Amino acid sequence: MKYLIAGLGNIGPEYYETRHNIGFMVVDALAKSSNVNFIDGRYGFTASLSVKGRQLLLLKPSTYMNLSGNAVRYWMQKENIPLENVLIVVDDLALPFGTLRLKGKGSDAGHNGLKHIATTLGTENYARLRFGIGNDFPRGGQVDYVLGNFSDEDWKVMDERLKTAGEIVKSFCLAGINITMNQYNKK
């Protein structure tokens, strides 16, 4: 069985370790821990890994956040991956930093990457792993905040949070969404 794990973010060194790029950071950490490298392909960078017989295609779209749906749709079609085997990893302002929540469907909650994916696929019924980035910014400061860098405090626990996010991704592929939500969403 094949799975598409799309970590959302923006390409370019100016976005490298910004809050909005936590999706890239999650799939990067998963690739690194699995000893696989990303290659530049159409609509994004991909890496393939096998987990107990399941094939995971990790994707970092090169379309920029607001056009993420183009990359997700392309790789779903190219690799013949059904919607129920797609997981989008995304930053979430509504969750405190480091909080991880897996959901089987839902609204875009104002996130332009999720909005474009829903529009492109014609549905909001796709799984997403929301990685909390907090919302400690003044009124009107949302853009600067999400495109800003993580705090020193955030970095102290980042490796552990990225590792847990990788465990959730693997569990999603091996045990399914319901078991994974029950196991990890309480933490």
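Residues numbered from 1 in each chain as written. Predicted model: local features only at pLDDT ≥ 70, side-chain atom pairs only at ≥ 80, totals over all residues. Heavy atoms only, no water.

Colleague: Before we move on, can you summarise the overall build of the chain with the specific residues and values?
Modeller: A count of helices and strands for the chain gives six helices and seven strands. Along its sequence from the N terminus, the chain presents helices and strands in the succession β-α-β-β-β-α-β-β-α-β-α-α-α. Against the compact-globule benchmark of 16 Å for 187 residues, the chain has a radius of gyration of 15 Å, which places it among compact chains. Projected onto its principal axes, the C-alpha positions of the chain cover 45 × 30 × 30 Å. Counting across all 187 residues of the chain, residues that qualify as buried make up 51%. Contacts in the chain between residues far apart in sequence, at least 24 positions, make up 68% of those at least 6 positions apart. Accessible area of the chain: about 9,200 Å², with a carbon and sulfur share of 49%. Averaging the coordinates of the 22 positive side-chain charges in the chain and doing the same for the 18 negative ones gives two points 8 Å apart. (Helix = DSSP H or I, 4+ residues; strand = E, 2+ residues; numbered from the N terminus. Rg over C-alpha atoms; globule rule 2.2 N^0.38 Å. Buried < 20%, exposed > 50% of the residue type's maximum accessible area, 1.4 Å probe, protein only. Contact = heavy atoms within 4.5 Å. Areas by Shrake-Rupley, 256 points an atom, 1.4 Å probe, with all protein chains shown as cover. Lys, Arg positive; Asp, Glu negative; His and termini not counted. Charge placed at Lys NZ, Arg CZ, Asp CG, Glu CD.)

Colleague: Tell me about helix 5 (residues 152–175), residues and numbers included.
Modeller: The end-to-end C-alpha distance of helix 5, which contains 24 residues, comes to 34 Å, matching closely the 34 Å that a straight helix rising 1.5 Å per residue would cover. At Met158, helix 5 shows its largest bend, some 50°. Turning to helix 5, its buried residues are Asp154, Met158, Arg161, Leu162, Thr164, Ala165, Gly166, Ile168, Val169, Ser171, Phe172 and Cys173. At the C-terminal side of helix 5, Gly176 shows a positive phi close to 95°. (Expected span 1.5 Å × (residues − 1). Bend = angle between axes of the 7 residues up to and from the residue.)

Colleague: Talk me through the layout of surface pockets; I want residue IDs and the actual numbers.
Modeller: Considered as a void within the structure, the largest pocket measures approximately 530 Å³ in volume. In terms of lining residues, the largest pocket is bounded by 24 residues, among which Met25, Asp28, Ala29, Lys32 and Leu162 are the most central. Put simply, the parts of the chain that give the lining of the largest pocket at least two residues each are helix 1 (22–33) and helix 5. For the lining of the largest pocket, the residue count by class is 11 nonpolar, five polar and eight charged. The residue inventory of the lining of the second largest pocket, partitioned by class, reads 10 nonpolar, eight polar and six charged. (1 Å grid on protein atoms, 1.4 Å probe; cavity = no way out; pocket = protein on both sides within 12 Å on 5 of 7 lines; lining within 4 Å. Points joined across faces, edges and corners; volume = space filled by probe spheres on them. Nonpolar A, V, L, I, M, F, W, Y, C, P; charged D, E, K, R; others polar.)

Colleague: I'd like a description of the environment of Phe45, backed by residues and values.
Modeller: One can find Phe45 in strand 3 (residues 44–51). With a relative accessible area of 28%, Phe45 lands in the partly exposed category. It is 30 Å that separates the C-alpha atoms of Phe45 and Glu153, two residues lying 108 residues apart in sequence.

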